[in-house]
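Structural description and commentary
In case you want the letters, here they are:
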Amino acid sequence: MAKEFDITTRSIRFYEDVGLLQPKRQGSTRVYYRRDKIRLKLILRGKRLGFSLAEIRELFDLYDTNQSSSQLNKMLIIIDTKQAALERQLEDINVVMTELQIAKNKCQQALNIQASDNQPEP
């Protein structure tokens with residue numbers, strides 16, 4: 001599974017230690033089922049999007065239990081909060097990307113001017 005997700009076995013063991021993954025065991029061998037792979041994919045995606053492991057655990061816990069209205073509402077609040085944070089990050093990224101493009105264009109223009117200044121006169 002480590003190769004499949006391009007992470008270390010140590011990372012997988014850590015997720016097991018903190019209770020995010022719970023593979024079955026056959027002797028000393030861990031057996032990962034579809035559920036484990038889905039959870040690992042969600043863990044990695046959540047981390048990439050800025051979720052803490054505690055937030056990921058909370059979402060898993062809410063999802064794994066019998067989902068009462070209060071639990072579902074709590075999950076919606078967590079999701080709404082994270083969506084708002086990601087939207088702010090996306091806006092910031094777009095601003096930085098625009099600024100980088102402007103800087104790149106100015107550099108390219110300066111190089112073009114230098115190149116034309118270095119042309120031998122006929």
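Residues numbered from 1 in each chain as written. Predicted model: local features only at pLDDT ≥ 70, side-chain atom pairs only at ≥ 80, totals over all residues. Heavy atoms only, no water.

Looking up the protein chain in an unreviewed UniProt entry gives the name MerR family DNA-binding transcriptional regulator, with the organism given as Photobacterium pectinilyticum.

Right, let's talk about the layout of surface pockets for a bit. Put simply, the largest pocket is a space of about 480 Å³. Together, 18 residues line the largest pocket, and L42, I56, L59, F60 and M75 are the ones closest to its centre. For the lining of the largest pocket, the elements supplying multiple residues, two or more each, are α3 (34–48), α4 (53–64) and α5 (69–117). Counting residues per element, the lining of the largest pocket draws most heavily on α3, which supplies six residues. (1 Å grid on protein atoms, 1.4 Å probe; cavity = no way out; pocket = protein on both sides within 12 Å on 5 of 7 lines; lining within 4 Å. Points joined across faces, edges and corners; volume = space filled by probe spheres on them. Helix = DSSP H or I, 4+ residues; strand = E, 2+ residues; numbered from the N terminus.)

Here R39 lies in helix α3. Exposure remark for R39: the relative accessible area of 8% places this residue in the buried category. Setting aside residues up to four positions removed in sequence, R39 forms contacts with G19, L20, L21, F60 and D64. (Buried < 20%, exposed > 50% of the residue type's maximum accessible area, 1.4 Å probe, protein only. Contact = heavy atoms within 4.5 Å.)

UniProt's feature table lists "domain: HTH merR-type" (unreviewed entry) at residues 1–62, given in the numbering used throughout. Helix makes up 61% of residues 1–62 and strand 10%, and the two end C-alpha atoms of the span are 25 Å apart. (UniProt positions renumbered as here; feature names shortened; annotations may be inferred.)

Looking now at the environment of N105. Residue placement: N105 occurs in helix α5. A sequence separation of 52 residues divides N105 from L53, and the C-alpha atoms of the two residues are 40 Å apart.

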